[in-house]
Each structure stands twice: as structure tokens, then as C-alpha cells.
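Breakdown of the fold
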Amino acid sequence: MDYNAAIAYITEFIDYERSPDFSRQARLYNLNRITRLLELLGHPQERLRIVHIAGSKGKGSTAALIASILSCAGYKTGLFTSPHLITPRERCRIDGELISEADVARCIARMKAAIDEVSRLEFGRVSFFEIYTALAFCYFADKATDFAVVEVGLGGRLDATNVVNPVATVITPIGLEHTAILGETHAAIAAEKAEIIKPGCPLALAPQVAEAQAVFEKVAAERNAPIIAAKASSRVCHAPTEPIGQHFDAADYPGLFMPLLGEHQRVNAATAIAGIECLEQRGYAIPRENVYQGIAQVKWPGRMQVIQKSPIVLLDGAHSPDAMRLLCREIRRNFRYNRLIFVVSLMRDKAVKQVGEIVCQDADAVLVTEVSDNPRVMPAHDIQRAWQTVTVCPTPKEALETALALASSTDLICVTGSLYLVGEVLHVTCN
């Protein structure tokens, strides 16, 4: 089996990330399939020291920050995240290097018989995400990583990653997301995500709304899991520096530099530091200089990422009203520009009316489009009907070209609404 055959095989299985009715398939979320699959594969997750990360906002950035710090401290560190922007190989990396095509093919060839066997059981076919989760565990175990930083895909309690016995857990800020599956209140969603908290395992906890905070404190106390709270940053330089980034303080680390922009990324950095303190509490040595180094060297594309400076072209995966509101605020804080032009694509399950109110209030022009080959995508004409005064462009490539034609050298173009859109634009601009 070569790489293309391996990817073709994986894509035969249901991909809830791209399914247009994934919220109605909540009954299919369970741990039976992944548990049996990992049993057949020899329990690779049990050979890993795992940092397990859940949350509504910032869990990918926080995972990338923790992995970067651990790599800088000399630990061989795996990182498992989702979704990917350009290639599925991004989901699984060691010390910043994507899994090779050869390793994907090797692991899937080894796993295929087990996947097929589990898919014939009464629990239903294995999912796309479950295959990638098992692939990551096998790959990290085969490569004898010192740590594996693992991001939850959706929720926590029934997420495929929640079969691990971690050395530390991390929960980033909670918001109202995937309410059809996780619940309609902060407390209900927090209860789902709190299920990654394990007995006696320290928890790094980002700042939370009071309703969610109460849930996490209750579950942690019941499970004798000590909480290390993320300490918010104090000193901030709002304007982007050269190279682009921000200087700030967090916890007991003054004078940090990070190449990621936005107040939310300072929260993520503080949460990552709390995660490192959890590991230190477990006896692992992470020198202070490596915390500074790891935060300064982190790479996490698609989050307030500047890919062009004249005009400024900014990419960000914001897709909820809260995230869009924060993105608009951070654009105003961090950049100087004349006109603001948005290029937007959304998935069908997003709050199109509320997102539109935020975008259109700040924008001088809005171009709406739709990502290709994604059944969850909202048709651009549906967005136009909801938002009224916007322009439809059939493809992301045409939308970006139109935005660049509209913009002067002093304008800012923001591509947002979906990480799938960000990935497609990155693919276009990188090729």
C-alpha cells in the first residue's frame, strides 16, 4: 500500500468533520470502536506519556505551544491535532515534522485488518477521525516519543482520544459550540469536556465563565485532580513587531515573545505554561529558558496569520460569533489600514446571521464564497441572502483575486469563517 492508496482507504470511512448532518449522528459517538481497534493494535496509547487537551477555543494553539516547549526542552514530542489545513499529514507530527507519506502508508497497511474487523462489529463502521487517532498513537509509539500532545476532536467524554491515561490534562476556554451534541449551556458543555479529567492527574485550566469553572472545580475535586490555573498576561505590546508577533508577560515569565497575535493567544500561552507546570508537578524537568524558546518558536498557521503585507492579507479560522467578534477587535488593535475587506466561507451548522452582523459592521467590503469538496459548506448564495450587501465569488481563489483587485496597498484583507477556507487559500497561495 502506498500513500495515495492509504488516503483513499481512509476517506472511504465517514468523516464527521465534513458531514452535513453530523449533529444528528450523535448516537454514533461512543468509545466502543476506538477501544476495540486499539486492543487489536496492541494498546499503543499505553506506551505514551500523553498531555490531553480539550476546550472550545484555542485548544489547537495551546497544544502547539506545549509541544513546541517540550521539543525545545529536548523531549521527542508528538503532536496530534485536527482538522488539517492542506494535507492530512499535518494532523500527526513529531518535533514539528509532519508524518511522512511512507509512515502513513506503513501504519495504515498495518492497521487495515483491525479497522476492517472492528467495522464489521455491532458498533458500526470506524470513523475517519478514529482511524487518524489510532494512527497517531501507533506512530508515536513506534517512534518512541517522550511525550504526545493530543488535542480532543469534539467534546471530551465520547471523543475518540478519551481512551488515554494522561500525565497531564488541559482545558482551554469554554464557549457555546456544537450545542446539538454537547448541550446548550456552558455547564452542559463543560460537563462533557470535564470527562478528560482523570483521577490524580493535574489539570491546567484556562480562565472560564463562572458556570463552566464551577463544573471543572467540582469534577477535579471529586477525582483528586489538582488544578493549576492559567495566569493571564499583564504587559502587552498591541502593535505587531518585526518579526510579526507580540511581547507580553504570563504567570512568572516576564518578557515573553510569541509569533501569534491576539489577546486570545496570550490566554493560550498562559494555559500552555500551566500545562508545563502540571508536567513539572509530575517530576519532568522543563528549564525556564525552553519555555521562552518554545513560545517564541511556535508555528501554528491559519490563526491571525499574515501571508502578505501590502496589502495586508490575514488568515484566521474564526467561525463562531464569539471568535469573529474577538478577531475583529484584534484586527483593530493590531493593524493600521485604510479599508477592511473580508473574504468569508461558512459551514452550514454555524450561526450565519450573528456572524454576519459582526462582519458587516466592521467591513468596507465583504466577499462570500464556498470551499470546494465539503458537504458541510454553506452555499455562498445562502450567505448572501442572509447578509444582503455582499458579493458572491464562486471559488476561494476567485474571491482572493477579487479582494486583491479591490484593495489598495494600505488596505487589509481578512480571509475567515472556516479553517477549511484558510487551508484552501493557503494551498492556492503556496502553489
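Not measured: the values here are computed from a predicted model.

Description of helix H2 (residues 32–40)
Think of an α-helix as turning once every 3.6 residues; residues three or four places apart then point the same way. Listed as buried for H2 are Arg33, Ile34, Leu37 and Leu38. The arc enclosing the buried residues of H2, seen along the axis, measures out at 125 degrees, which places them on a common side. The secondary structure elements touched by the buried residues of H2 are helix H4 (101–119) and helix H5 (128–142). Gly42 lies just past H2 and shows a positive phi near 90 degrees.

As for unusual backbone geometry
Following Ser82, the chain continues into Pro83 via a peptide bond in cis, with omega recorded as -5 degrees. As for its placement among the helices and strands, Pro83 is situated in the loop between strand S2 (77–80) and strand S3 (92–94). With an omega of -5 degrees, the peptide bond running from Ser310 to Pro311 counts as cis. Looking at where Pro311 falls in the secondary structure, it is placed in the loop between strand S11 (305–309) and strand S12 (312–315). Positive phi values are uncommon outside glycine, yet His43 reaches one of about 55 degrees. Among the secondary structure elements, His43 is positioned in the loop between H2 and strand S1 (50–54). Of note in the backbone geometry, Asp95 takes a positive phi value of approximately 50 degrees without being a glycine. With respect to the secondary-structure elements, Asp95 resides in the loop between S3 and strand S4 (97–98).

Quick notes on the nonpolar core
Leu37, Ile108, Met111, Ile115, Ile131, Phe137 and Phe140 are the most contacted members of the largest nonpolar core, which has 41 residues in total. Broken down by secondary-structure element, the contributors of at least two residues to this core are helix H1 (3–10), H2, S3, H4, H5 and strand S5 (147–151). In terms of residue count, the dominant contributor to this core is H5 (twelve residues). Ignoring sequence-local partners within four residues, the contact set of Leu37 consists of Ala114, Ile115, Val118, Val126, Glu130 and Ala134. Counting residues in each nonpolar core, the second largest holds 38 residues, with Val51, Val149, Met258 and Ile286 among its members.

As for the packing of helix H7 (residues 186–193) against helix H8 (residues 210–222)
Two numbers describe a pair of packed helices, the interaxial angle and the distance between the axes. Two numbers describe how H7 lies on H8: the axes approach to 8 Å, and their chain directions differ by 35 degrees. The two elements H7 and H8 cross, and the hand of that crossing is right-handed. Taken together, the residues of H8 that come into contact with H7 (itself represented by His186, Ala187, Ala190, Ala191 and Lys193) are Glu211, Ala212, Val215 and Phe216. Taken together, the residues that form the contact of H7 with H8 break down as six nonpolar, one polar and two charged.

Some points on the side chain of Arg33
You can see Arg33 is positioned in helix H2. Classification of Arg33 as buried rests on a relative accessible area of 3%. Of note is the side chain of Arg33, whose polar atom sits 3.4 Å from the backbone oxygen of Arg125.

A word on the pairing of strand S16 (residues 412–416)
With five of five residues buried, S16 is to be regarded as a mostly interior element. Burial along S16 is two-sided: the residues Leu412, Cys414 and Thr416 and Ile413 and Val415 are all buried. Note: S12 against S16, four bridges, orientation parallel. By the bridge assignment for S16, Val313 is matched with Ile413. The sheet contact formed by strand S13 (residues 340–344) and S16 spans five bridges and is parallel.

The rules behind the values
Residues numbered from 1 in each chain as written. Predicted model: local features only at pLDDT ≥ 70, side-chain atom pairs only at ≥ 80, totals over all residues. Heavy atoms only, no water. Buried < 20%, exposed > 50% of the residue type's maximum accessible area, 1.4 Å probe, protein only. Helix = DSSP H or I, 4+ residues; strand = E, 2+ residues; numbered from the N terminus. Arc of directions from axis to C-beta. Contact = heavy atoms within 4.5 Å. Core = buried A, V, L, I, M, F, W, Y, C linked by side-chain atoms within 4.5 Å. Axes fitted to C-alpha atoms, helices over the stretch in contact; angles between N-to-C directions. Left-handed = near helix turned anticlockwise from the far one by under 90°. Nonpolar A, V, L, I, M, F, W, Y, C, P; charged D, E, K, R; others polar. Polar contact = N/O pair within 3.5 Å; in protein donor to acceptor, adjacent residues only side chain to side chain. Pairing = 2+ DSSP bridges.

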